[in-house]
Amino acid sequence: AKYLAQIILVGAQVVGRAFMRALRQEFAASRAAADARGRSERPQSAAASRIIGISLQEAQQILNVSNLNPEEIQKNYDHLFKVNDKSVGGSFYLQSKVVRAKERLDEELRIQAKDEKEKGWKAET
């Protein structure tokens, strides 16, 4: 019985250490991915991604747009919003993803317009 208890204790320690090592590796990989994502976007854009909870690329994929064309974004948004309406058998979850994607793209358009306005203002002075 004493040996059985020792075997169980040693086994639990080995599994615990392996779990902690895997957890540290996952945390480090998650941090590296977040850092890389933050570097790939402009500071304002990265902040908008964090606030809204969806990246610019993900929002473009959801609304099936390749560039930030307001008319195309609105057209795809209207279509996907109607198709995913609960009253026609759609999914509230998907509809909410469509809304979040539209919000994220609208915020990016606002950021771009602000940047262009500031560039124009600086060029004049």
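Remember, it's a predicted structure, so these values are computed and weren't measured experimentally. (Residues numbered from 1 in each chain as written. Predicted model: local features only at pLDDT ≥ 70, side-chain atom pairs only at ≥ 80, totals over all residues. Heavy atoms only, no water.)

Engineer: I tried to follow the nonpolar core on my own but got confused; where do I start?
Structural biologist: Here is a general trend for soluble globular proteins: nonpolar side chains tend to be buried in one another's company. In terms of nonpolar packing, the biggest core is built from twelve residues, these being Ile54, Leu56, Ala59, Leu63, Val65, Leu68, Ile73, Tyr77, Val98, Ala101, Leu105 and Leu109. Counting only elements with at least two residues in this core, the list comes to α3 (56-63), α4 (70-83) and α5 (92-124). Per-element accounting of this core gives the leading share, four residues, to α5. (Core = buried A, V, L, I, M, F, W, Y, C linked by side-chain atoms within 4.5 Å. Buried < 20%, exposed > 50% of the residue type's maximum accessible area, 1.4 Å probe, protein only. Helix = DSSP H or I, 4+ residues; strand = E, 2+ residues; numbered from the N terminus.)

Engineer: Can you help me understand the confidence of the model for the protein in this one?
Structural biologist: Low-pLDDT portions of the prediction should not be read for the details of their coordinates. Overall, the prediction assigns the protein a mean pLDDT of 86, with 86% of residues at 70 or greater. Across the protein, element-level confidence peaks in α4 with a mean pLDDT of 95 and bottoms out in helix α2 (residues 43-52) with 70. (pLDDT = per-residue confidence, 0-100.)

Engineer: Quick question: what am I supposed to make of unusual backbone geometry here?
Structural biologist: A negative phi holds for most residues other than glycine; trans holds for most peptide bonds. Even without being glycine, asparagine 64 reaches a positive phi, approximately 55 degrees. Its place among the elements puts asparagine 64 in the loop between α3 and α4.

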